[in-house]
Amino acid sequence: MKILAIETATEACSAALVQDGDVIERYVVAPREHNRLILPMIEEVLAEAGVVRTQIDAVAFGRGPGSFTGLRIAAGVTQGIAYGLDCPVLPVSTLAALAFQSFEEAAGEGVYACLDARMGEIYGALFRRGQAGVPDLIGDEAVLAPERVEAAGIMVRLGVGSGWVTYRGVLSERLKTVVEVLEDHFPRAAYIGRLGARDFAAGRCVSAGEAIPVYLRDQVARKPRTQARE
Amino acid sequence: MQSNTSFRVLGIETSCDETGLAVFDSRYGLLAHALHSQVQLHADYGGVVPELASRDHIRKLLPLLREVLSAAGLGRSDLDGVAYTAGPGLVGALLAGAAAGRALAWALDVPALAVHHMEGHLLAPLLEADRPEFPFLCLLVSGGHTQLIDVAGIGRYGILGESLDDAAGEAFDKVAKMLGLGYPGGPAVAALAERGMPGRFRFPRPMTDRPGLDFSFSGLKTHVLQVLAAHPDNADVRADVAAEFQAAVVETLLVKCRRALRETGLQRLVVSGGVSANRAMRSALRVLSEEEGVRVYFPRLEFCTDNGAMIAYAGCQRLLAGQAEPLRIAAYPRWPLDTLAPL
Ligand SMILES: Nc1ncnc2c1ncn2[C@@H]1O[C@H](COP(=O)(O)OP(=O)(O)OP(=O)(O)O)[C@@H](O)[C@H]1O
Ligand SMILES: [Mg+2]
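Structural notes, computed from the coordinates. (Residues numbered from 1 in each chain as written. Chains lettered and ligands numbered in written order. Predicted model: local features only at pLDDT ≥ 70, side-chain atom pairs only at ≥ 80, totals over all residues. Heavy atoms only, no water.)

## A short note on the overall build of chain B
Part 1 of the reasoning: Along its length, chain B carries ten helices and ten strands.
Part 2 of the reasoning: Here the C-alpha atoms of chain B give a radius of gyration of 20 Å, agreeing with the 20 Å that 2.2 N^0.38 yields for 343 residues.
Part 3 of the reasoning: Principal axes of the C-alpha set define a box for chain B whose edges measure 65 × 45 × 30 Å.
Part 4 of the reasoning: Taken over 343 residues, chain B has a buried fraction of 58%.
Part 5 of the reasoning: For chain B, contacts bridging at least 24 residues in sequence account for 72% of all contacts bridging at least 6.
Part 6 of the reasoning: Summed over all atoms, the accessible surface of chain B reaches about 12800 Å², with 50% contributed by carbon and sulfur. (Helix = DSSP H or I, 4+ residues; strand = E, 2+ residues; numbered from the N terminus. Rg over C-alpha atoms; globule rule 2.2 N^0.38 Å. Buried < 20%, exposed > 50% of the residue type's maximum accessible area, 1.4 Å probe, protein only. Contact = heavy atoms within 4.5 Å. Areas by Shrake-Rupley, 256 points an atom, 1.4 Å probe, with all protein chains shown as cover.)

Next up, the structure:
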């Protein structure tokens, strides 16, 4: 099984090839350069693995939340590749990828993963350490003010993601049990690919046209009439 | 350019508020095209909302791709190249089509080409059976551009004149708002103008009284506002304002076209871009072409505004000539037409 994974939801840009237990990854932090970098990075991981494009079984991508433009680059690339190769797509949550990475790197049963969403908000979700360190989502992923974050009855010992950089104080106040924060982590293709591989094995695939971002923030424009009243 | 073997190019257009896909075959011409317009989506906002446009493109690309391939009777492996609009346009919208198009070309292991949207418009009349040969004078009149171009061949563009402020289509859209018509306003103003009387109000023909081939349409808005403020708001006034506004734009374009034809000695006039759908302008330019003894060419109506067919056509010509893009998703929101590589 060969899963190609791509992740461009944040300042980081990465591509990975996951083959059974083996992961080959390229990862760089390069804001606004994803469009230039992502396809050559895909070629590099394939070359290093000695795999040709037609051998790819499925494409996993970071479906969000994250930067809108970044998510569409990932979705567009995924649509093009999956349609061109006639293979299925595995949409993977960027927050789950962050949680997965944190469970590998630190101890603890619960993690709050969040990304800075600007405008005083974060994209966040709570995860419990599941089987083999795979994160299980508790509740929903949401866009919310950090002041509204709640522990939802589980022991959250870990924090991960850029939301913790901007809102460390408030989040620590809301989640008092957190003892370790991995704040310089961005979602990475290696974890997107490994989570995608599990979905693939479980038959949770979609078609190329269903490679659509999950933005969480859907209020992106106001109609003129509403504006006039303010 | 026609060839004996088929070279089939997929064209993808997502620079603004239309998702357009098409397949052009170098031997058999246009095989299929499909378009999704976002007019309804943006109507309530009074103009294009870039983020909503981008979100819609990424949803519509694949369904339209399947549609054109099945209409053309082709499978994905029958494509020999992929052309996508790389600019100018809204960066987020451009990136959606560019990412999908460039990645598709990579997956199919065929060359890709980043097409200039205005070159697409400019070459759109070449999709017709009766098509102009080079060289020709092109009047490009769209939502974002008003240019007179000396076209010696593909990629050989000399800009003779252009709008110093609003584009002609933009002026139509803004006047439409003043008249309480929806977005996009061009067709609505044109329809209203049919019922009005030009000349009851008198608007200037900007910059026609001095030499040169540049345009300026922003001043017309002020005249429209003044007349509307000075008269009771009723259907006759609105129709007469629309008629005089349209007459002023058309006559201005006409004067400059005549001047450009005489200065360059070119024998063919090509008119393209969204405003070239305007009926009053088409008939005025037909009269002009007879008076000047030149031939005039327009795209078919559906290819005046944004579409995938013109992108597939432009991309096909360049790919056939051996041009191709490196492995990069190209998006250039601002991209001057006269910097393109000649064929
Ligand atoms: N019948 C018509 N009369 C006048 N204007 C029209 C007519 N039909 C369309 N238009 C105008 O054409 C414009 C749309 O054309 P087009 O799609 O070529 O522009 P665009 O893609 O928005 O801009 P550009 O191509 O410069 O980036 C709009 O401004 C619209 O009002
Ligand atoms: Mg256009």
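## Some words on helix α10 (residues 308-320) of chain B
Residue and element names in this part refer to chain B.
Part 1 of the reasoning: Counted at 1.5 Å a residue, the expected span for α10 with its 13 residues is 18 Å, and the 18 Å between its end C-alpha atoms agrees.
Part 2 of the reasoning: Within α10, twelve of the 13 residues are buried, leaving the element largely enclosed by the surrounding structure.
Part 3 of the reasoning: Those residues of α10 lying buried are G308, A309, M310, I311, A312, Y313, A314, G315, C316, Q317, R318 and L319.
Part 4 of the reasoning: Looking at the buried side of α10, the elements it contacts are β1 (8-13), β2 (18-25), β3 (29-37), β4 (81-87), β5 (112-116) and α4 (117-123).
Part 5 of the reasoning: Between the side-chain oxygen of the N-cap and the backbone nitrogen of A309 there are 3.0 Å, and the N-cap of α10 in question is N307. (Expected span 1.5 Å × (residues − 1). Polar contact = N/O pair within 3.5 Å; in protein donor to acceptor, adjacent residues only side chain to side chain.)

## Focus: helix α7 (residues 218-230) of chain B
Residue and element names in this part refer to chain B.
Part 1 of the reasoning: If you check which residues of α7 are buried, you get L220, K221, V224, V227 and L228. Along the long axis of α7, the arc covered by the buried residues comes to 130 degrees, so they all point the same way. The outward face of α7, more than 90 degrees from its buried face, is lined by the exposed residues Q226, A229 and A230.
Part 2 of the reasoning: Of the surrounding elements, those touching the buried residues of α7 are α5 (168-178) and α8 (235-264). (Arc of directions from axis to C-beta.)

## Description of the site of ligand 1
Residue and element names in this part refer to chain B.
Part 1 of the reasoning: Lining the immediate environment of ligand 1, one finds 20 residues, of which S142, G144, H145, D173 and D306 sit closest.
Part 2 of the reasoning: Measuring from a nitrogen atom of ligand 1, one finds a side-chain N or O atom of N278 at 2.9 Å.
Part 3 of the reasoning: The protein chains hide 88% of the 640 Å² of surface that ligand 1 would expose on its own.
Part 4 of the reasoning: Broken down by secondary-structure element, the contributors of at least two residues to the shell around ligand 1 are α4, α5 and α6 (186-195).
Part 5 of the reasoning: Looking at the shell around ligand 1 residue by residue, the class counts come to six nonpolar, twelve polar and two charged. (Near = heavy atom within 4 Å. Nonpolar A, V, L, I, M, F, W, Y, C, P; charged D, E, K, R; others polar.)

## Topic: the pattern of salt bridges
Pairing between side chains of opposite charge can happen when their charged atoms approach one another.
Part 1 of the reasoning: Under the criterion given, the structure shown has 38 salt bridges over all chains.
Part 2 of the reasoning: One salt bridge in this structure joins R300(B) and E128(B), with 2.9 Å as the shortest N-O distance. In this pair, R300(B) sits in the loop between β10 (295-297) and α10 while E128(B) sits in the loop between α4 and β6 (136-141), placing the two residues 172 residues apart along the sequence.
Part 3 of the reasoning: One salt-bridge network, in which partners are shared between bridges, spans R72(A), D218(A), E51(B) and R55(B). (Salt bridge = Lys/Arg side-chain N within 4 Å of Asp/Glu carboxyl O.)

## Side note on the interface of chain B and chain A
Part 1 of the reasoning: Listed as interface residues are 29 residues of chain B and, on the opposing side, 36 residues of chain A.
Part 2 of the reasoning: Regarding the contact of chain B and chain A, the summed buried area is about 3000 Å², with carbon and sulfur atoms giving 68% of it.
Part 3 of the reasoning: Taken together, chain B and chain A are joined by five salt bridges.
Part 4 of the reasoning: The salt bridge partner of R55(B) is D218(A), with a shortest N-O separation of 3.1 Å.
Part 5 of the reasoning: If you look at where chain B meets chain A, you find ten residue pairs in polar contact (both at pLDDT 80 or more).
Part 6 of the reasoning: Broken down by secondary-structure element, the contributors of at least two residues to the side of chain B that touches chain A are α2 (50-72) and α3 (91-108) of chain B. (Buried area = accessible area lost by both parts, 1.4 Å probe.)

## Considering the nonpolar core
Part 1 of the reasoning: Residues I38(A), I42(A), V77(A), L10(B) and L122(B) are the most contacted members of the largest nonpolar core, which totals 138 residues.
Part 2 of the reasoning: Take this core: its biggest share by element is twelve residues, from α3(B).
Part 3 of the reasoning: Taken domain by domain, this core gets at least three of its residues from each of domain 1 (2-94 + 187-229) and domain 2 (95-182) of chain A.
Part 4 of the reasoning: Not counting residues up to four positions away in its chain, the partners in contact with L10(B) are L21(B), A22(B), V23(B), L65(B), V68(B), L79(B), G81(B), V82(B), A83(B), L104(B) and A312(B). (Core = buried A, V, L, I, M, F, W, Y, C linked by side-chain atoms within 4.5 Å. Domains from an automatic or database assignment.)

Purely geometric stuff here, so don't read any function into it on its own.
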